[in-house]
Amino acid sequence: VQLQASGGGSVQTGDSLRLSCVVSGGTFSTYGMAWFRQAPGKEREFVASINVNGGNTYHINSVKGRFTISRDNRKNTVYLQMNSLKPEDTAVYYCAAGRPIISSRTDSNSYYYWGPGTEVTVSS
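In this text the structure is predicted, and so the values were computed from the model without any measurement. (Residues numbered from 1 in each chain as written. Predicted model: local features only at pLDDT ≥ 70, side-chain atom pairs only at ≥ 80, totals over all residues. Heavy atoms only, no water.)

Bringing unusual backbone geometry into the picture now. A positive phi angle, near 55 degrees, is found at N76, a position not held by glycine. A residue is classified by how much of its surface remains accessible, and N76, at 27% relative accessible area, is partly exposed. Positive phi values are uncommon outside glycine, yet S84 reaches one of about 50 degrees. Along the polypeptide, S84 turns up in the loop between β8 (77-82) and β9 (91-98). By relative accessible area, S84 is classed as partly exposed at 41%. (Buried < 20%, exposed > 50% of the residue type's maximum accessible area, 1.4 Å probe, protein only. Helix = DSSP H or I, 4+ residues; strand = E, 2+ residues; numbered from the N terminus.)

The following block contains the structure:
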């Protein structure tokens, strides 16, 4: 299973970006998907997750109302729409695939497959 994320870039505070992650080599519709991020000098943190059919999503408090995770099972793709970006959103963003139970959906150990990451830089 391979994951390839794209859509990162350098933007200004308040701008928007949409990250995409295409999954190949597996049955996408059977995987729960998530986005994590790692800022310079910090540990990787969970950002958002979505279940197999898109009916259940979860976002960390710091991005609620600004970021939205979604998926298109016909295109084997998961998205992260990021609006009202802030400098503290600057990080490398990683998509991940797995079969987590709800209680472990924020745990990186619940995800088997990871993409190489896409960098997001937000300047003030």
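Having put the structure on the table, let's press on.
Let us look at the sheet that holds strand β3 (residues 17-24). Within the open sheet, the four strands sit side by side as β1-β3-β8-β7. Their pairing is antiparallel. A single partner strand is all that each edge strand has here, and the edge strands are β1 (2-6) and β7 (67-72). Neighbour-to-neighbour, the strand axes of this sheet turn through a mean angle of 15 degrees, independent of strand direction. (Pairing = 2+ DSSP bridges. Axes fitted to C-alpha atoms, helices over the stretch in contact; angles between N-to-C directions.)

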